[in-house]
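Examination of the molecular architecture
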Amino acid sequence: MNGTSNKIISNWLYIGAAFILLILIVGGITRVTDSGLSMVNWKLLMGAVPPLSEESWIAKFDEYKQFPEYKEVHNHFTLTEFKSIFFWEYLHRMLGRTLSFVFLVPFLFFLYKKWLSRTLVKKLLVVFVLGGCQGLLGWYMVKSGLVDQPDVSHFRLASHLSLAFFLVGYCLWLAFDLQFENKRLDANKDFSLLAKLILLLIFIQVIYGAFVAGLNAGRIYTTFPMMGDVWIAEGVYA
């Protein structure tokens, strides 16, 4: 590989990482708007086509009515309101599908141009495997909210979110490795330790946030940063 190809590949990885962050943002909106359980089935290929007629929309809405979220939470919804939550989950899934092409098409081109070393190919295959696992984990998470409760498992939500953040970090690590291949400096040990500690705290916060969201725990107290009149919720000591 030469400097030009390295730059192109690292930029591709930056774009991929940014795209995953975009999906994370849309996923957050999907969560906040209670849209995540609006699509009650997962069709890997045909699922890319949204309802295109009024009859199709009614059929989708009728499917949704068979599941706990409609029966216990959204039983007052009209078809128009259903369309609004369907939009966010549909967009979330379509961005995930688009991401596969964002990675796959350039990857095949780079292989054709012989710009990828054997080591880098292996590392990029890890991205593809984890990306596939992310899609399966997303459906596994949604499935947990279609059984007897209108909420997804907070464990599955935390796993889904954590893997997304890991993919962002992994793509950035590969991109940095390519971009600064000949500019590596020995890191200050204290700074390196601090950076790792901050990274660990962020990772814990991501998991903790997913637990709070998955358990709807944030609705217990509506004040910030204190919980009511105290810093530590009374239930912690129960």
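Quick summary incoming for the structure in this document. Per chain, the residues get numbers from 1 upward, laid out in the order the sequence is written. For this predicted model, a pLDDT threshold of at least 70 governs which residues receive local features, and a threshold of 80 or more governs which side-chain atom pairs are given and counted, while totals over whole chains, interfaces and linings are taken from all residues. Derived side-chain values reflect all non-hydrogen atoms in the structure, with water molecules and hydrogen atoms excluded from consideration.

**A closer look at a nonpolar patch on the surface**
- Distance thresholds for patches are 9 Å for like charges and 5 Å for nonpolar side chains (Val, Leu, Ile, Met, Phe, Trp, Tyr), applied to residues having over 30% relative accessible area and no salt bridge. Here the open area of atoms and residues is found with the Shrake-Rupley method and a 1.4 Å probe, where only the protein chains shown may cover a residue. Counted as salt bridges are all cases of a side-chain nitrogen of Lys or Arg within 4 Å of a carboxyl oxygen of Asp or Glu. Together, Leu194, Leu197, Ile198, Leu200, Leu201, Ile202 and Ile204 make up a nonpolar patch on the protein surface, roughly 640 Å² of accessible area in all.
- Here Ile198 is to be found in helix H7 (residues 189–214).
- The exposure class assigned to Ile198 is partly exposed, which follows from its relative accessible area of 42%. Helix and strand assignments follow DSSP, with helices taken as H or I runs no shorter than four residues and strands as E runs no shorter than two, numbered in order from the N terminus. Type-normalised accessible area, obtained with a 1.4 Å probe on protein chains alone, sets the label of each residue: buried when under 20%, exposed when over 50%, and partly exposed for intermediate values.

**Comments concerning the nonpolar core**
- In this structure, Ile9, Trp12, Leu13, Phe103, Leu116 and Leu124 are the most contacted members of the largest nonpolar core, which totals 32 residues.
- When contributions to this core are tallied by element, the ones reaching two or more residues are helix H1 (3–32), helix H4 (79–113), helix H5 (118–143) and helix H6 (154–179).
- In this structure, Trp12 is in contact with Val102, Phe103, Pro106, Phe107, Phe110 and Leu124, ignoring residues within four places of it in sequence.
- If you look at the next biggest cluster of nonpolar residues, it comprises 20 residues, including Tyr64, Met141, Val142 and Ala210. As used in this record, nonpolar core signifies buried Ala, Val, Leu, Ile, Met, Phe, Trp, Tyr and Cys residues forming a set joined through side-chain atoms within 4.5 Å. Every residue pair with non-hydrogen atoms within 4.5 Å of one another is taken to be in contact.

**Some words on the side chain of His74**
- Secondary-structure assignment places His74 in the loop between helix H3 (68–72) and H4.
- Since its relative accessible area comes to 5%, His74 is described here as buried.
- Beyond its immediate stretch of four places on either side in the chain, His74 contacts Asp34, Tyr64, Glu69 and Ile85.

**Observations concerning the packing of H6 against H7**
- To obtain an axis, a line is fitted to C-alpha atoms, over the contacting stretch when the element is a helix, and the angle between two such axes runs from 0 to 180 degrees between their N-to-C directions. Relative to each other, H6 and H7 sit at 145°, their axes nearing to 8 Å. Note that H6 runs across H7; the crossing there is right-handed. On H7, the residues that touch His154, Phe155, Leu157, Ala158, Leu161, Ser162 and Phe165 of H6 are Phe203, Val206, Ile207, Ala210, Phe211, Ala213 and Gly214.
- Here the nonpolar group is Ala, Val, Leu, Ile, Met, Phe, Trp, Tyr, Cys and Pro; Asp, Glu, Lys and Arg are the charged ones; every other residue, Gly included, is treated as polar. Taken together, the residues of the contact of H6 with H7 sort by class into eleven nonpolar, three polar and no charged. It is the rotation of the near helix from the far one that decides the hand of a crossing: anticlockwise by less than a right angle makes it left-handed, clockwise makes it right-handed.

**Looking at H5**
- Between its first and last C-alpha, H5 extends 38 Å over 26 residues, near the 38 Å set by a 1.5 Å rise per residue.
- For H5, the complete set of buried residues consists of Leu120, Val121, Leu124, Val127, Leu130, Gln134, Leu137, Gly138, Met141 and Val142. Multiplying 1.5 Å by the residue count of a helix minus one yields the expected span of that helix.

**Here's the deal with the pattern of salt bridges**
- Evaluation of the coordinates by the stated rule reveals three salt bridges.
- A salt bridge links Asp62 to Lys65, with the shortest nitrogen-to-oxygen separation between them at 3.9 Å.
- Asp62 sits in the partly exposed class, given a relative accessible area of 36%.
- Of the charged contacts in the structure, one is a salt bridge between Arg93 and Glu89, with a shortest N-O distance of 2.7 Å. You can see Arg93 and its partner Glu89 sitting in helix H4, four residues apart, about one turn around the helix.
- Here Glu89 falls in the buried class, since its relative accessible area comes to 4%.

**Thoughts on helix H2 (residues 54–64)**
- Listing the buried residues of H2 in full gives Trp57, Phe61 and Tyr64. Taken down its axis, H2 places every buried residue within 55° of arc, on the same side.
- In this structure, the buried side of H2 is in contact with H3 and H4. Regarding the arc, it is the one traced by the directions from the helix axis to the C-beta atoms.

**Concerning the packing of H5 against H6**
- The contact between H5 and H6 brings their axes to 10 Å, and the two run at 160°. Overall, the two elements H5 and H6 adopt an arrangement that is roughly antiparallel. In terms of crossing hand, the pair formed by H5 and H6 is left-handed.
- For the contact of H5 with H6, the per-class residue count stands at 19 nonpolar, five polar and three charged. If an angle is under 35 degrees, it is roughly parallel; if it is over 145, roughly antiparallel; if it lies from 65 to 115, roughly perpendicular; otherwise it is oblique.

**A short note on the environment of Val142**
- Structurally, the position occupied by Val142 is in helix H5.
- For Val142, a relative accessible area of 5% gives the class buried.
- Once the C-alpha coordinates of Val142 and Leu161 are considered, the two residues, 19 residues apart in sequence, prove to be 13 Å apart.
- Residues in contact with Val142, not counting those within four places in the same chain, are Gly36, Leu37, Met39, Glu89, Arg93 and Val152.

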